[in-house]
Amino acid sequence: MSLVNDGWIKTTCAYCGVGCGVEARPKLTGELEIRGDQSHPSNYGKLCTKGIALGDTIIHDGRILAPTKKSQTGDQQTDDEELNWENATQMVAEQFTQAIERYGPDSVAFYVSGQLLTEDYYVANKLIKGFIGTSNIDSNSRLCMASSVVGHKRAFGSDSVPVCYEDLEHAEMIVMVGSNLAWCHPVLFQRLRSAKQNNPELKIVVIDPRETESCTIADYHLALKSGSDVALFNGLLSFLSRHNYLDQDFIQSHTNQLEKALTAAESDSDLLEAATGLTQSELMRFFKDFSTTSNVVTVYSQGVNQSSIGSDKVNSILNCHLASGKIGQVGSGPFSVTGQPNAMGGREVGALANTLASHMEFDNPEHHALISNFWQTENLATKPGLKAVDLFDAMAEGKIKAVWIMATNPMVSLPDSAKIKKALKTCPFVVVSDCIADTETTRMADLVLPAQGWSEKSGTLTNSERRISRQRRIMPSPGMAKPDWWIISQVACKMGYRDAFTYRHEGEIFREYAELSTQGNRNGERDFTLIGLTQLDEQGYSQLVPQQWPVTQVQKEVINQRLFSDGHFYTPDNKANFVPVRHQPPKTTCDSRYPLLLNTGRTRDQWHTMSRTGLSARLGEHKSEPYVQIHPKTAKEHSVQRNQMIKLHNAHGECLARAEITEQIQPNQLFMPIHWNNATAKNSKPCNLIAPHTDNHSGQPEFKHSPVALTVCKHQSRASFASRTVMNFNSLDYWARQKIAEGYLYHIESTLNAYELASYLKSQLKHNVDRVVSHESSEDEALYRFITFVEDKVMQAIHVQSIQGVHPINELSNILTARFSAESESEILAVL
Ligand code: SF4
């Protein structure tokens, strides 16, 4: 396979866990052409909107260009000082060493990310667990699939996804549970839609409180009550048993504890309809379809995992697949789709606080000895560390003296943002490695380190079907940006661990990681092995084509292998475990004070905290502002009009968003996307409202179930403000920033009247312009327009009107977006 053809270089998408193959070609202008990789088995040439727009996001706007020491952090203005790498890494090494000497290894922590490549992840985990001697390393993957990790380990004895993507095409029935695949894993959804077109008999069922885009190809949608998945799947397990659909041969030969799981499931049978809110006929239809169909894939995601009972939800699904033998066969199996591009890689290297490296475990002394020996260390941590929410709790209590945050934005993504802010303020030394200069988390840092971003860094990542793909370096890095593994290794050397961190190239790290997977694993004791890749030389690593683990020899062609096809699991007796689980209501419920239930999730065209996708003008067009979905009945009860700004609030905080009235959501429920935050909007971060309730086993927070109250904002005026440069409107009641071609568009609302708002915005116009054109209408019309020019080029364009103004809000934005780059004054005035 040629990796470079006519200048096209094969790499992998930066976003979701589908892990699509991408081909990229730099242009002389510095831009990057993007197309799907026809040969990659994840996507066979297809890309979604985010993947197609990858080239838009390589602009150097807002990048961190040098290690930067901040004299003050948080809301205060900083007086930044640039450092060279020698001094910056020395500072990190000294701060961590001092904390460890004074307070012990558990006083320091790393908070890492599924955006890291496997080589970065491996080195971070090796340093902190292997040499510093604490397991206080957790990944933001804790927020997306930790419950699946627990579920897999409890049932299979290993954290392993059994299926392949092609099972979607071989299945006779697909169940999507708590997964809006259409928006969150779009290329998998495209594969599913094609499978349905090719085989109209393929049954597709969506189980979700919301009617999402994924329902467009579904045979039916079960709008169950939030948090009732265990009750539903316990009902299915009871049905399988009562109606003789159990696979007795499989159960007898390959499983334990069915009786206990059945007893637990039967105990929930009386509450099935009340707990799920589904009718008897809806339930029977689903139960019969699942039971009578041989090949069923159950795809599940954050609606299952992000719950205070997420692990039990996962096991309730796995129980049904084990009971019916629908696992390990072509077209059958439970399928946890991961959110992040390398969440799976993080699980493999052990970058979660409660696992050792390479699928080895703390409670196994042999594993501990194997890793200690392999890394040649006497310091390997002996017990699990703090999981994400607990870690930041400990930090807020002053127990963590130094933290290193890599490639993630916990100020936006963790629950209870106010507490995260307190934690980072309390921690004496906060170092953040990132590629974007201004995020809510870099604002809290004492030291910011410039990391390479997508298209600059090189390494591997593992997708949701256990397939390892190369991400390749295509563009030079701006400024002093470096790979994360290099930065960590430099710090490790300065902390005195030079012998173990002498890496010169990411390929060396990968070989070591592959070799570790073979330790104590020569006879297939663990399913995760890369034994076939331990001899890769530099050229072999450079040319590596996608490999699906277990890799027993280099895979020159695409192969699809399912786990557990032979009924062999990785528990002590090699049998799978049924896990008895019972329905439990979520930890918080609505009451008269907080009567509405807030669910959170993603939009189609943004990714996480928008620090990358927010750079693309075309991605900004899909949803340009934070919004909240609300049912028409609920909107009426709360006097909410379409497109009105509303404030959601509860004991944890408040959040602003524009009302999107839709019957896709149930009455008294709300849905809000997670992406907007204080860097891209004023007070529009749903994590302000989310309680830090977590699953007892996985530590995964409950993001899908927050009781809130709603108030309509009493805004009098609104404005659209297009600018070539980033503006600061924090003194106004509300703003949201949208990237547009050659600039930014601010959507603004205010309690000021239109005249007052216009006066304020006029005062914000740039002074170094050649001329300002103003159009101020009569007071009755309350319409104000200003345009600034440098020579004939529009620099800023503002349109202000009263809240009941003549222009519908979308039209106004479209006008400014479309005309901002207009050269002609008359042209822009005509539409403004
Ligand atoms: Fe990237 Fe995921 Fe879209 Fe594929 S589906 S192009 S991996 S965001």
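Residues numbered from 1 in each chain as written. Predicted model: local features only at pLDDT ≥ 70, side-chain atom pairs only at ≥ 80, totals over all residues. Heavy atoms only, no water.

K.L.:
Describe the pairing of strand β17 (residues 447–450), with residues and values.
P.N.:
Here β17 shows a buried face lined by Leu-447 and Leu-449 and a second buried face lined by Val-448 and Pro-450. Of the pairings in the sheet, the one linking strand β5 (residues 68–69) to β17 comprises 2 bridges and is antiparallel in character. Counted as the bridge partner of Thr-68 is Val-448 from β17. Where strand β16 (residues 429–434) lies against β17, 4 bridges are found, and the strand directions are parallel. Bridging across to β17, Val-431 finds its partner in Leu-447. (Buried < 20%, exposed > 50% of the residue type's maximum accessible area, 1.4 Å probe, protein only. Helix = DSSP H or I, 4+ residues; strand = E, 2+ residues; numbered from the N terminus. Pairing = 2+ DSSP bridges.)

K.L.:
Lay out the site of the ligand with the relevant residues and their values.
P.N.:
Neighbouring the ligand are the residues Cys-13, Tyr-15, Cys-16, Gly-19, Cys-20, Leu-47, Cys-48, Lys-50, Gly-51, Pro-186 and Val-187. At the level of secondary structure, the elements contributing two or more residues to the shell around the ligand comprise α1 (49–52) and α7 (186–198). Looking at the shell around the ligand residue by residue, the classes come out as 8 nonpolar, 2 polar and 1 charged. (Near = heavy atom within 4 Å. Nonpolar A, V, L, I, M, F, W, Y, C, P; charged D, E, K, R; others polar.)

K.L.:
If you had to explain the sheet that holds strand β28 (residues 717–723) to someone new, which residues and values would you point to?
P.N.:
Taking strand neighbours across the sheet as the criterion, the 6 strands line up as β29-β30-β28-β33-β32-β31 in an open arrangement whose pairing is antiparallel. Looking at which strands have only one partner, the edges of the open sheet turn out to be β29 (734–740) and β31 (771–776). Pairs of neighbouring strands in the sheet enclose a mean axial angle of 10°, with direction left out of account. As defined by bridge partners, β31 adjoins strand β32 (residues 783–790) across 6 bridges and the pair is classed as antiparallel. Residue pairing across strands places Val-772 opposite Thr-788, the latter belonging to β32. Its contacts with the sheet put helix α25 (residues 754–763) on β28, β30 (743–750), β31, β32 and β33 (793–802), and the angle it makes with β33 is roughly 160°. (Axes fitted to C-alpha atoms, helices over the stretch in contact; angles between N-to-C directions. Contact = heavy atoms within 4.5 Å.)

K.L.:
Can you break down the UniProt feature "domain: 4Fe-4S Mo/W bis-MGD-type" (unreviewed entry) in the protein residue by residue, with the values?
P.N.:
Within this structure's numbering, the places UniProt gives as "domain: 4Fe-4S Mo/W bis-MGD-type" (unreviewed entry) are residues 6–62. Regarding residues 6–62, the helix share stands at 7% and the strand share at 28%, and the terminal C-alpha atoms are separated by 31 Å. (UniProt positions renumbered as here; feature names shortened; annotations may be inferred.)

K.L.:
Let's hear about the pattern of salt bridges: which residues, and what values?
P.N.:
Under the counting rule described, the total for this entry stands at 37 salt bridges. The salt bridge partner of Glu-361 is Lys-153, with a shortest N-O separation of 3.1 Å. Taken as a pair, Glu-361 in the loop between α15 (343–349) and α16 (365–375) and Lys-153 in helix α4 (residues 146–156) lie far apart in primary sequence, 208 residues in all. Taking relative accessible area as the criterion, Lys-153 reaches 22% and is therefore assigned partly exposed. Salt-bridge contacts for Arg-522 lead to Glu-515; the nearest nitrogen and oxygen are separated by 3.5 Å. Residue Arg-522 is classed as exposed on the basis of its relative accessible area of 54%. By sharing partners, the salt bridges in this structure join Lys-10, Glu-23, Arg-35 and Asp-37 into a single network. (Salt bridge = Lys/Arg side-chain N within 4 Å of Asp/Glu carboxyl O.)

K.L.:
Residues and numbers for the environment of Thr-426, please.
P.N.:
With respect to the helices and strands, Thr-426 occurs in helix α19 (residues 417–426). On the basis of relative accessibility, which here comes to 33%, the residue Thr-426 falls in the partly exposed class. A sequence separation of 30 residues divides Thr-426 from Ala-396, and the C-alpha atoms of the two residues are 5.9 Å apart. If we ignore the near neighbours within four places in the chain, the residues touching Thr-426 are Met-395, Ala-396 and Gly-398.

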